[in-house]
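Take a look at the letters that make up each chain.
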Amino acid sequence: MARTRVRTPRIARIASLLALSAALPLLTACGSEDTSSSGTEDHKAAGHKPVVVATTTWEGAFAKAAGAEDVTVIVPQSVHHAPDYDPKPSDLAAVAQADFVLYAPFEPYAAKIKEAAGSKAKLIEVNLDNDPAKAGAEVTRLGDLFGTKDAAGQWKTRLDGEVKKLNGELKAAWPGGKSPSVVTQVFTAWAAGLAGATPVGTYGPEAVTPAQLATLSAKKPVFVLDNAHMSTGTVLPDSGAKQVEIVNYPGEDLDLLAVYRNAAAELKKAMSGS
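Every value quoted in this text rests on a predicted model; they were computed, and no experiment measured them.

Cut-offs and rules
Residues numbered from 1 in each chain as written. Predicted model: local features only at pLDDT ≥ 70, side-chain atom pairs only at ≥ 80, totals over all residues. Heavy atoms only, no water. Salt bridge = Lys/Arg side-chain N within 4 Å of Asp/Glu carboxyl O. Helix = DSSP H or I, 4+ residues; strand = E, 2+ residues; numbered from the N terminus. Buried < 20%, exposed > 50% of the residue type's maximum accessible area, 1.4 Å probe, protein only. Axes fitted to C-alpha atoms, helices over the stretch in contact; angles between N-to-C directions. Parallel < 35°, antiparallel > 145°, perpendicular 65-115°, else oblique. Contact = heavy atoms within 4.5 Å. Nonpolar A, V, L, I, M, F, W, Y, C, P; charged D, E, K, R; others polar. Phe/Tyr/Trp six-rings, centres within 6.5 Å; stacked < 30°, edge-to-face > 60°. Pairing = 2+ DSSP bridges.

## A closer look at the pattern of salt bridges
Where charged atoms from two side chains of opposite charge approach closely, those side chains can pair. Following the criterion strictly, the structure yields nine salt bridges and no others. Two residues, Glu138 and Arg141, come together in a salt bridge whose shortest N-O distance is 2.8 Å. Of this pair, Glu138 and Arg141 both sit in helix α6 (residues 132-146), separated by three residues, roughly a single helical turn. Look at Arg141 and you get partly exposed, because its relative accessible area is 34%. Lys268 is paired through a salt bridge with Glu169; the nearest N and O atoms lie 3.0 Å apart.

## Brief notes about the packing of α6 against helix α7 (residues 149-172)
Remark: α6 packs on α7, axes separated minimally by 8 Å, with the N-to-C direction vectors making an angle of 170 degrees. By the angle class used here, α6 and α7 are roughly antiparallel. Along the contact surface, α6 presents Pro132, Gly136, Val139, Thr140, Gly143 and Asp144, while α7 presents Lys149, Ala152, Trp155, Lys156, Leu159 and Val163. Grouping the constituent residues of the contact of α6 with α7 by class yields six nonpolar, three polar and three charged.

## Re the packing of aromatic side chains
A full pass over the atoms with the stated rule returns four aromatic pairs. Ring centres of Trp190 and Tyr260 lie 5.3 Å apart, and the angle between their planes is 75 degrees; on these two criteria the pair is classed as edge-to-face. Of this pair, Trp190 sits in helix α8 (residues 189-195) while Tyr260 sits in helix α10 (residues 256-272), and the two are 70 residues apart along the sequence. Residue Tyr260 is classed as buried on the basis of its relative accessible area of 0%.

## Digging into the pairing of strand β8 (residues 223-227)
Counting buried positions over the five residues of β8 gives five, a clear majority of the element. Here β8 shows no split at all, with Phe223, Leu225 and Asn227 on one side and Val224 and Asp226 on the other all buried. As paired elements, strand β6 (residues 181-185) and β8 share three bridges and run parallel to each other. Counted as the bridge partner of Val183 is Val224 from β8. With five bridges joining them, β8 and strand β9 (residues 242-246) adopt parallel strand pairing. Residue Leu225 lies in a different strand from β9, and its bridge partner there is Val244.

Right, here's the structure in full:
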């Protein structure tokens, strides 16, 4: 079972910040001649368990799915919109102790994390997409980097089985036995695929403009699959479409499969009219 440590916010101390700033050049310089893939090969040595720092539970869940057992998450789950989090000096210091640091390009603190990582940690930009095919491919890639290919393969098998099961249940729940038309936020399109729904338009990540509102409403979608982490309220008011909140980030247990189960439950509830 993965040992998950979710760091809670702390009051930044000026002394800590200065100490970290002073340490960064030393971390970067130490062993700077070896930043190639040879470090990655060391992580694949028999018996070595990779130490992973992930910026959020989303990256952390990908790491756990790939077979990592020692995963530290920087952004607390209580921070609803993770990109708003401001990393503390202690957070950044932890990065330098990791074998791997996982982050996403849309996180504005990614530059700070790159700067703090030093030469030991291998920085991995993660493609955060819950589309089953893309998620499976990303977990496979991470498993290869971590030296945990078998564990990653076993998880992908569970993912395939879970998605097939949920897709069958959702199709059985289609209103009137027909694939419902949906409008999705750009980061919730995967949920439409899970339901076997028919996408008729997308929006975001910015708020819907009046022109988009008119265009998307004219498509007469049955559902709007909104992003719970970036919601701007009712997306298509007066359109008659029912809005469903889709959650992308896993909980503190870093169970990525639970994200699919939870989305399926919300979709079934919406399709049943309850």
